[in-house]
Amino acid sequence: GENNEIEKAEGSFDIDLPDAEMGNVCTRFPPEPSGYLHIGHAKAALLNQYFAQRYKGRLIIRFDDTNPAKESNEFVENILNDLDTLGIKGEGPTYTSDYFPQLMEMAEKMISEGKSYIDDTPREQMQKERMDGIESVNRNNTVEQNMALWKEMVAGTERGKQCCLRAKMDMQAANKSLRDPVYYRCNPISHHRVGSKYKVYPTYDFACPYVDSIEGVTHALRSSEYHDRNEQYYRVLQDMGLRKVHVWDFSRLNFVYTLLSKRKLQWFVDNSKVEGWDDPRFPTVQGIIRRGLTVEALKQFILSQGASKNLNLMEWDKLWTMNKKIIDPICPRHTAVLQEGRVLLCLTNGPEEPFVRIAPRHKKYEEAGKKATTYTKEIWLDGADAAAVSEGEEVTLMDWGNAIIKHVEKDKNGTIIRLSGVLHLEGSVKTTKLKLTWLPDISELVNLSLVELDHLITKKKLEETDNFLEVLNPCTRWEGLAIGDANMRNLKRGEILQLERKGYFRCDVPYLRPSKPIVLIAIPDGRKQSV
Ligand code: ATP
Ligand code: MG
Ligand code: MG
């Protein structure tokens, strides 16, 4: 069937849009400014750009701002930033609100042509009548009656507020979206761009086809949950007497353990469950980038989805694995030792005076720059490493050489308090089982806060009927203190690094002063569950 075609189209990514002519294709990305862009929007935006470029056509960026209660300039600005981040360049932005005068004229034209009517049936009853195929008592009112009530709506009077404007389509249609959809509603809320000029706002069903057609869009791409409404979209344009626009659906992107609804994300922001729309636990463009995803990986992932036919529910691991392949060859290496349980190892034949060697921050990628490593007689080891060594064992100290552990000193509870050993630099690093990270015992070490994050919800696949409030993950953030090599003082916000043997991190808060730790957020690598 048709849906299958769509899946295949997306799968291969080289299928043609219907009736697409080279040089004459116009697509559009129409976010509602009611939140920041999330990864699903990124897919929609990238697909629109992809087809515009492929047909040497145009892409319009349009803010679909018809619902003043949820929208704001903050969202407009951040969406523009997010598009910039994704490298999406289109014409505009245009705003549906720019067309409010024309949309009102169109509404009046449709009333006068008998193609729409004013209805004051209460909302719930209207829904029930739509399900049951029952016509509203107002459906056959005269044009004059409708016009008079429309004036009440436009003025936002008490009478007007009881009413809405509905299409007169087909109350018996098998496709329920054709059962007299709502075109305009009264809403007394001030709009972020046009202020309180209007008391009535068009619905998506009315405004979207109108603006698409007027702006010259040839192909309107929408995620497939709107598929049943395609017929309605075509019918609206026909009733308006406007040029036809092709609707082309693509499958909606979903991720395990993830909410991709702006309304639900807004709940987390409003209830301080996250730091904001850019929280690294959020699936927003800003959130996942703050978590350590590269734009390159995001684009690769979205454009590679084509290979899979079952696009409904994606695993995060696949995306993070792609990301790892991008960051690993270039991100600098540093060393950290966890604060808690760390142990000093005294190398009895170690350097009496500390000395410094300059080393690359990445052994195979010179552009990552250099770092200074200080070598001291006493060095810090992670508590877990100290617990893993045994007396007489030869180990490798990374970027230094071998050492033989001579003595493991414990207190009366069995806690290791100190190790001693001797450097054995002529020993072969190939023969040792343990390769240990270490830090010199110098005052220049920096304090680190290592942040691990988890999904915000505990259910893998959230169904329409699920209440997300019942599956909230009670704990989604852990912070561990560590010490790190002094070179990390120069990390910049946004820089991605690897802490040897600990994993990849992104610098969220750089060095400010000794007492305030540098905040590093753990980047999932698609392999180990990071928590
Ligand atoms: P939300 O439910 O998060 O509010 P929305 O669909 O209402 O999402 P819009 O701002 O209206 O958000 O969406 C802009 C475009 O992004 C639309 O074309 C929409 O189909 C698309 N889109 C939204 N969510 C997804 C998703 N999860 N996968 C693919 N495309 C999406
Ligand atoms: Mg929407
Ligand atoms: Mg939605």
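Structural data are supplied above this passage.
Right, let's walk through the structure included here. (Residues numbered from 1 in each chain as written. Chains lettered and ligands numbered in written order. Predicted model: local features only at pLDDT ≥ 70, side-chain atom pairs only at ≥ 80, totals over all residues.)

### Quick look at the sheet that holds strand 2 (residues 58-63)
Across the sheet, which stays open at both edges, the 3 strands sit in the order 1-2-3 with parallel pairing between neighbours. The sheet is open, and its two borders are formed by strand 1 (26-29) and strand 3 (91-95), each paired with just one other strand. For this sheet the average axis-to-axis angle between neighbouring strands, irrespective of direction, equals 30°. Along the sheet, helix 2 (residues 39-54) contacts strand 1 and strand 2; its crossing angle with strand 1, the most-contacted strand, is approximately 165°. (Pairing = 2+ DSSP bridges. Helix = DSSP H or I, 4+ residues; strand = E, 2+ residues; numbered from the N terminus. Axes fitted to C-alpha atoms, helices over the stretch in contact; angles between N-to-C directions. Contact = placed C-beta atoms within 7 Å.)

### Quick notes on the nonpolar core
Formed by 73 residues in total, the largest nonpolar core has its most connected members in Ala 42, Leu 103, Ala 107, Met 153, Leu 165, Tyr 184 and Tyr 210. Sorting elements by how many residues they give to this core places helix 2 first, with 7 residues. Residues from two domains meet in this core; each of domain 1 (15-250) and domain 2 (262-327) gives at least three. Excluding residues that lie within four positions of it along the chain, Met 153 makes contacts with Gly 160, Cys 163, Tyr 184, Cys 186 and Val 200. By size, the runner-up hydrophobic cluster in this structure holds 39 residues, among which are Ile 379, Val 446, Phe 505 and Cys 507. (Core = buried A, V, L, I, M, F, W, Y, C linked by C-beta atoms within 7 Å. Buried ≥ 20, exposed ≤ 12 C-beta atoms within 10 Å, placed from the backbone. Domains from an automatic or database assignment.)

### Here we look at the site of ligand 1
The immediate surroundings of ligand 1 are formed by 15 residues, with Gly 40, Ala 44, Ser 223, Leu 253 and Lys 262 found nearest. Broken down by secondary-structure element, the contributors of at least two residues to the shell around ligand 1 are helix 2 and strand 8 (219-223). The element contributing the most residues to the shell around ligand 1 is helix 2, with 4 residues. Residues belonging to the shell around ligand 1 are distributed by class as follows: 5 nonpolar, 4 polar and 6 charged. (Near = placed C-beta within 6 Å. Nonpolar A, V, L, I, M, F, W, Y, C, P; charged D, E, K, R; others polar.)

### Topic: the packing of helix 8 (residues 204-215) against helix 9 (residues 230-240)
It is the contact of helix 8 with helix 9, at a shortest axis distance of 9 Å, that shows an interaxial angle of 65°. It follows that helix 8 is roughly perpendicular to helix 9 by the angle criterion. Judged by the twist between their axes, the crossing of helix 8 over helix 9 is right-handed. When helix 8 is examined against helix 9, the residues Asp 205, Phe 206, Pro 209, Tyr 210 and Ser 213 are found in contact with a partner set consisting of Gln 232, Tyr 233, Val 236, Leu 237 and Met 240. (Parallel < 35°, antiparallel > 145°, perpendicular 65-115°, else oblique. Left-handed = near helix turned anticlockwise from the far one by under 90°.)

### Section: the sheet that holds strand 5 (residues 164-167)
Read from one edge to the other, the open sheet built from 4 strands follows the order 4-5-6-7, with strand pairing classed as antiparallel. Of all the strands in the sheet, the pair left with one neighbour each is strand 4 (116-119) and strand 7 (200-202). The sheet shows a mean angle of 20° between the axes of neighbouring strands, taken without regard to direction.

### So, the packing of helix 12 (residues 295-304) against helix 13 (residues 316-327)
Running from N to C, helix 12 and helix 13 cross one another at 135°; their axes reach a closest spacing of 9 Å. The angle between the axes of helix 12 and helix 13 places the two elements in the oblique class. The interaxial crossing formed by helix 12 with helix 13 has right-handed handedness. Here Glu 296, Ala 297, Gln 300 and Phe 301 of helix 12 lie close against helix 13, whose contacting residues are Leu 319, Met 322, Asn 323 and Ile 326. Grouping the constituent residues of the contact of helix 12 with helix 13 by class yields 5 nonpolar, 2 polar and 1 charged.

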